[in-house]
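A structural walkthrough
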Amino acid sequence: MSSGIRFDSVSVAYGRNVVLDGLDLTVEPGEVMALLGPSGSGKTTALRAVAGFVRPVSGRVFIGDRDVTALPPHRRGIGMVVQQYALFPHLRVEENVAFGLKAQKAPRAEIPGRVADALEMTGMGGYAKRYPRELSGGQQQRVAIARALAIRPGVLLLDEPLSALDAQLRSGMLAELARLHRELPDVSILYVTHDQVEALTLADRIAVMDRARLRDCGTPQELYRAPRTAFTASFVGNANLLPVSVGVGSVSLGGAEVKVDTGEVAAGVGATLCVRPHLVGLGDGPNSLEGTVTEVQWRGATHRVYVDVAGHSVKADVRELREPPALGSGVTVHFAPEDAVLLAAGVTDG
Amino acid sequence: MLVHSRKGKWATWTVFFVLFLPLFALPLLVIVAASFAGHWSGALPSDFTAEHYSAATRGESLQALTTSLLTALGASLIALAAGTWAALAAAALKRRGDGTSRLSRGCGRLLDALFIMPVAVPSVVVGLAVLVAFSKPPVILNGTSTIVVLAHAILVTAFAYQSVSAAILRLDPAYEQAAASLGARPAYVLWRVKLPLLLPSLTAAAGLCFALSMGELSATMMLYPPDWTPLPVRIYAATDRGATFTGAALAVVLMAATLLVLFAVSRIRTRASYR
């Protein structure tokens, strides 16, 4: 069963408080779509609208070709995994996984086999008789995923599934989720997260959300290399955003001229120059800018140097330095013209 | 213990023994002492005897105990069912979020108020109300055991409602939502997820209702038929005619029976708690 998800101008409001404002988004069958945004951006609300736990004040939600806007959650045919797992504490692991099958009255003879398959798929086959409280966080998460997959949903909703795990477990589970998706290529996944690494690693496409609205949507590469809004640029990859003025055939940053592809940005207006910290180098090069060091952070393999250039802070991630520059000393930073993206001022706010 | 210094600990224990023990434990000890007493004219009872107990566990007294146990069992089961149902309904009505109109939230609050009424109204009034209401057609229950059980149920449902309401409020909605997302209908979610998770609170509520019903006197006095005399009524009657020691023995029997049932219920509760 393969079915995508479609939001058709979906708005959700609590009283006068609009938490999701006219969302238009399509998740293709078999696609992993990440909803990325800070807390309060409406991403979880969008997921809950698909699950049926919030009812939109306007707009329609489709799963496959079916309009599910008015359907109660139990008739939507979705699998869902939430941050706090919500395993039933009074049921053993196998009973948790069998819950959906029994509730949907699957043929009795089929249930043990499907439970075993689901547990095997998530590597939890050896824990069938345990109670959830006897498992670690990572194991509980696997059981929660097995429980959602056992009902063979066409759509899997993951709401910050890894945020309760520690960093090491998280990267392991991330690889695990990617493998599961390769094994189940027909399942569409809507993955809500505030962590850009999760989104960049796992998603076919990322929808960036902020303040109840969809700000940007594209493949991870598109969003990272050519963000369309300043919000996307700073949220995905933490880019340097520098105000520049665009003249005819030239761009200047605080008096210094920089070479950059102006693209569709018209001359004579303000614009934002966006360049990733790891593409900024210390020393002379193309597009050199003079500045003073305001802070140096050692991050193991790299140093992050904050340089004040004409009143704007520029972050540069450089390979670990033997002799990091002293605070207050003058340095030169540079970046290649092709590594920078120019955003028209009008899109700064999305 | 939150007090850490040795002196502080001693001081707290002293206060406990001097103030609380006499207040709470001594009256009960006096009852136990009186139940064994043949005479009590000095500071302490004398002529110890077990005669009161042989009287208290035979014939009409034994029947009164059975009556009390049956009444309490019936009343607490009715109260638990009605109170849980109403608490679940009120929680559903009051739930915030989508589709909840102001009207349904109002209905939820009305249910709250309705179920607090029997606590606020004196039980004599409840007894009288039940008596008046069921003494005329269409439903005549006057002089039956049913009316006693009914009055007890009305009185204790409020407590069941409140403790189950509090438990529902603490129940994480994520369980219910996870079950719904797995395709479980609301009734299936109720029986397989919500009620099992509420079980510890339900047994606690049942125990509370049982204990309250075992001790109920004032409404019972207005309603009981001669062939359905609960134990508190017999204790009152015994003391009223001057047989204080017999009354004390009956009181100890009532206390012991109630405690035994509460203990059994709390054993079930420990087995039913998951976290």
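Keep in mind that this is a model prediction, so the values were computed, not measured.

Residues and elements named next belong to chain B. Structurally, A264 is set in helix α11 (residues 244-272). A264 gets classed as exposed once you count the C-beta atoms within 10 Å, which come to 12. Measuring from C-alpha to C-alpha, the distance between A264 and G207 comes to 9.3 Å, with 57 residues separating the pair along the chain.

When the UniProt feature table is mapped onto this chain, "transmembrane region" (unreviewed entry) is found at residues 12-37, 69-93, 114-134, 140-161, 197-224 and 244-265 of chain B. Helix makes up 89% of residues 197-224 of chain B and strand 0%, with an end-to-end C-alpha separation of 38 Å.

Residue and element names in this part refer to chain A. In this structure, K105 is a non-glycine residue whose phi angle is positive, near 55°. Locating K105 in the fold gives a position in the loop between α2 (93-103) and α3 (111-121). Using a count of 9 C-beta atoms within 10 Å as the deciding quantity, one classes K105 as exposed.

Right, let's talk about the interface of chain B and chain A for a bit. Between chain B and chain A, the residue contacts involve 20 residues of the former and 21 residues of the latter. For the side of chain B that touches chain A, the element with the most residues is helix α7 (residues 173-181) of chain B, which contributes 7 residues.

Turning to the UniProt feature "domain: ABC transporter" (unreviewed entry) in chain A, a few remarks are in order. The UniProt record annotates "domain: ABC transporter" (unreviewed entry) at residues 5-236 of chain A. Here residues 5-236 of chain A is 35% helix and 27% strand, with 24 Å between the C-alpha atoms at its ends.

Residues and elements named next belong to chain A. The sheet built from 6 strands is open, its strands ordered β6-β7-β8-β3-β9-β10 with mixed pairing. Of all strands in the sheet, those with a lone pairing partner are β6 (78-82) and β10 (213-218), marking the two edges. Strand-to-strand, the axes of this sheet are offset by a mean angle of 15°, without reference to chain direction. In terms of strand pairing, strand β3 (residues 32-36) meets strand β8 (residues 188-193) through 5 bridges, oriented parallel. Residue pairing for β8: L35 is matched across the bridge by V192. Sheet contacts for helix α4 (residues 137-150): β6 and β7 (155-159); angle to β6, the most-contacted strand, approximately 170°.

Turning to the pairing of strand β19 (residues 330-334) of chain A, a few remarks are in order. Residues and elements named next belong to chain A. In terms of strand pairing, strand β15 (residues 281-282) meets β19 through 2 bridges, oriented antiparallel. Directly across from L282, in β19, lies its bridge partner V333. Two elements, strand β16 (residues 289-299) and β19, share 4 bridges in a ladder whose sense is antiparallel. Residue G291 lies in a different strand from β19, and its bridge partner there is V331.

This part takes up the confidence of the model for chain B. Residue and element names in this part refer to chain B. Scored by pLDDT, chain B comes out at a mean of 83, with 93% of its residues at no less than 70. Put simply, helix α2 (residues 51-56) is where chain B has its lowest mean pLDDT, 72, and α7 is where it has its highest, 91. Across the predicted assembly, pTM comes out at 0.78 and ipTM at 0.79.

Thresholds, definitions, all that
Residues numbered from 1 in each chain as written. Chains lettered and ligands numbered in written order. Predicted model: local features only at pLDDT ≥ 70, side-chain atom pairs only at ≥ 80, totals over all residues. Helix = DSSP H or I, 4+ residues; strand = E, 2+ residues; numbered from the N terminus. Buried ≥ 20, exposed ≤ 12 C-beta atoms within 10 Å, placed from the backbone. UniProt positions renumbered as here; feature names shortened; annotations may be inferred. Contact = placed C-beta atoms within 7 Å. Pairing = 2+ DSSP bridges. Axes fitted to C-alpha atoms, helices over the stretch in contact; angles between N-to-C directions. pLDDT = per-residue confidence, 0-100.

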